[in-house]
Amino acid sequence: MDALWGAAPRPPPPPPPPGLGPSESPCCTPTATRRLRRPPLPWARFSGWLECVCVVAFDLELGQALEVRKTSICYLSFPDSYSGCLGDTQFSFRMRQSGGQRSLHALDEDDGYNRGVPVTLQREAAHLFGYVYFRQVKDSAVKRGYFQKSLVLVSRLPYVSLFQSLLNLIAPEYFEKLVPCLEAVCNEIDQWPTPVPGQTLNLPVMGVVMQVTRSQNLLPAPLVLSSVNELDLFRCFQPVLIHIQLLWELMLLGEPLVVMAPSPTISSEMVLALTSCLTPLKFCCDYRPYFTIHDSEFKEYTTRTQAPPNVVLGVTNPFFIKTLQHWPHILRIGELKMSGDLPKQVKMKKLAKLKTLDTKPGLYTSYKTYLHKDKTLIKRLLKGIQRKRPSEVQSALVRRHLLELTQSFIIPLEHYMASLMPLQRAVTPWKTPPQIRPFRQDDFLKSLEHAGPQLTCAGGKGEHGPAVSLQNILTWMKDKSEVEIVDLVLKLREKLIQAQAHQLPVKEETLQRVALYVDTVIGSLPDDLQAVLRHP
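Note that the structure is predicted; figures quoted are calculated from it, not measured.

**Considering unusual backbone geometry**
- The step from T279 to P280 runs through a cis peptide bond, and the omega angle for that step is 15°.
- The topology assignment puts P280 in the loop between α9 (264-275) and β10 (286-288).
- A positive phi angle is found at M206, which is not glycine, with a value near 55°.
- Along the chain, the position of M206 falls in the loop between β6 (201-205) and β7 (208-212).
- One non-glycine residue, K388, lies in the positive phi region at around 55°.
- Tracing the chain through its elements places K388 in the loop between α12 (375-386) and α13 (391-419).

What follows is the structure, given as structure tokens:
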């Protein structure tokens, strides 16, 4: 690894000035806080966007394994030799963080950011994303005969569109001007505003303004991005459009899936597109857009002594055909080929037909879908191809279709969750506060026969069953339960106010017990909700 640029560790906040006790600390008042605000730490803004910038060069003697703690990044930054990637290649990876702990200050910043953004844009606590720009060109001056080098942006943010666009700007310039170019770019990033998705961001770099916006442009900018993380779903899903409902079901169920592709670009884009299928739900299982035999989890994921883990892997090495052929779902895709107006679609095949050598593209699975194929979607996409509709519009159609599928699952779940809450008439100050009833899977399944809207099922009753035992909806249920708890607190407070105004015949002792219970409930909520609910 040639260079590693990153923000310095952030020290803990300084203690109060000498001579002041805790109660006299100037930080106790907003005015004093503003007056004694600490100066920004070195590289503070840079570290809000990136953990570091890495340059990985191939060494003929040592390969990429230069230092033990950086080995994973080194191997993941280069395509497999089987990929045959000549020229410039872009892809991404995701890896577990290992090593030292992060400072409390950094964790607090992550927590503050995550509260204000959708779950699909939250910073990762235990994983790092790598965004790679790899160049391989013939060079007679190099002993191996090829110049091979990768520029890698490492971040906790899942901003694939933004960082790949940034690499498009800085990588070609870096390969010409080397280290001075990187130093200048890192200093420019250290001047960027804090990441705030949903707002227009103007990010200057190398004389170009990258503008991220969902509204009308506020300033003219050479490079405008409509999103920091959304992919061109139509392009990513072109070879599997007729199987999109099946793939959505596999993602919802958190099923183990291997994506075998001819290049890390195709594998990483397909994996990221698949894991985005459940928006606005977050895909809570593990996923690796690009995975190699050198990865530290290789043995864990390839063992046959236990069931395959709930993970989506993107691979390019043919060795995985044999190593992972016991996995229940394998998607093998090749280079994009046209078949009439629609790109050639991979066919459903049985796992028994998966051969070690000369395996053709296909979706190898024994899974039986619970949804019919949506022929209307395919017809609309075909019409768009014939009319040369922009890819952005085609992607919007695919994204909307997937959103409707997810909503058709969430709405009955919301109806059932609401039924678990106590009725308003049961919330009275002179009785023990009612408890929220527990979630029961069998009861939820029965409610699906009456709650709508219904999914377009291919079978009879009870076939929603697998879609309930999910890790993916646990996060949603946690957030939903917090909303319901807040609603309960507000209703109890309303009753307390009525009782204190002598509108309800309640003993003072009962009022104190209820008030204490409300405080206890508020104390169990996250800090941001506590700040909202507690009176000043």
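Further notes follow.
**Here's the deal with the environment of L274**
- Checked against the element boundaries, L274 lands in helix α9.
- C-alpha of L274 to C-alpha of L250: the two residues are 24 residues apart in sequence and 9.4 Å apart in space.
- Sequence-distant contacts of L274, defined by excluding residues within four places in its chain, comprise F237, L247, M251, L257 and V259.

**What about the packing of helix α5 (residues 160-177) against helix α6 (residues 179-189)?**
- Packing of α5 against α6 brings their axes to within 7 Å, and their N-to-C directions diverge by 150°. In terms of their interaxial angle, α5 and α6 are classed as roughly antiparallel. In this structure, α5 contributes L166, I170, E173, Y174 and K177 to the contact, and α6 contributes V179, P180, C181, L182, V185 and I189.
- A class-by-class count of the residues in the contact of α5 with α6 yields nine nonpolar, no polar and two charged.

**Let's talk about the side chain of T365**
- Counting through the fold element by element, T365 comes out in strand β16 (residues 362-365).
- The exposure class of T365 is buried, given its relative accessible area of 5%.
- A polar contact is formed between the side chain of T365 and the side chain of H329, at a distance of 2.7 Å.
- The residues touching T365, leaving out its near neighbours within four places in the chain, are P328, H329, M348, K349, K350 and L351.

**Side note on the confidence of the model for the chain**
- Taken as a whole, the chain shows an average pLDDT of 78; of its residues, 75% reach a score of 70 or greater.
- Note that pLDDT drops below 50 for residues 3-37; the model gives that stretch 45 contacts with residues more than four away or on any other chain.

**A look at the sheet that holds strand β9 (residues 257-260)**
- Pairing in this open sheet of six strands is mixed, and the strands run β10-β11-β9-β12-β16-β15 from one edge to the other. Where the open sheet ends on each side, the last strands, each with one partner, are β10 and β15 (348-349).
- Judged from the four bridges that link them, strand β12 (residues 329-332) and β16 form a sheet pairing that is antiparallel. When the bridges of β16 are listed, L331 appears paired with L363.
- Sheet strands touched by helix α8 (residues 244-253): β9, β11 (311-315), β12, β15 and β16. Its angle to β16, the strand with the most contacts, is close to 45°.

**Here we look at the sheet that holds β6**
- With mixed pairing, the three strands of this open sheet are ordered in space as β6-β7-β8. Strands with a single pairing partner mark the edges of an open sheet, and in this sheet they are β6 and β8 (223-225). In this sheet, adjacent strand axes meet at a mean angle of 20° when their direction is disregarded.
- Examined bridge by bridge, β6 and β7 share five bridges and lie antiparallel to one another. Residue pairing across strands places L201 opposite V212, the latter belonging to β7.
- Sheet strands in contact with α5 are β6, β7 and β8, and its direction is about 170° off that of β7.

Reading guide: rules and limits
Residues numbered from 1 in each chain as written. Predicted model: local features only at pLDDT ≥ 70, side-chain atom pairs only at ≥ 80, totals over all residues. Heavy atoms only, no water. Helix = DSSP H or I, 4+ residues; strand = E, 2+ residues; numbered from the N terminus. Contact = heavy atoms within 4.5 Å. Axes fitted to C-alpha atoms, helices over the stretch in contact; angles between N-to-C directions. Parallel < 35°, antiparallel > 145°, perpendicular 65-115°, else oblique. Nonpolar A, V, L, I, M, F, W, Y, C, P; charged D, E, K, R; others polar. Buried < 20%, exposed > 50% of the residue type's maximum accessible area, 1.4 Å probe, protein only. Polar contact = N/O pair within 3.5 Å; in protein donor to acceptor, adjacent residues only side chain to side chain. pLDDT = per-residue confidence, 0-100. Pairing = 2+ DSSP bridges.

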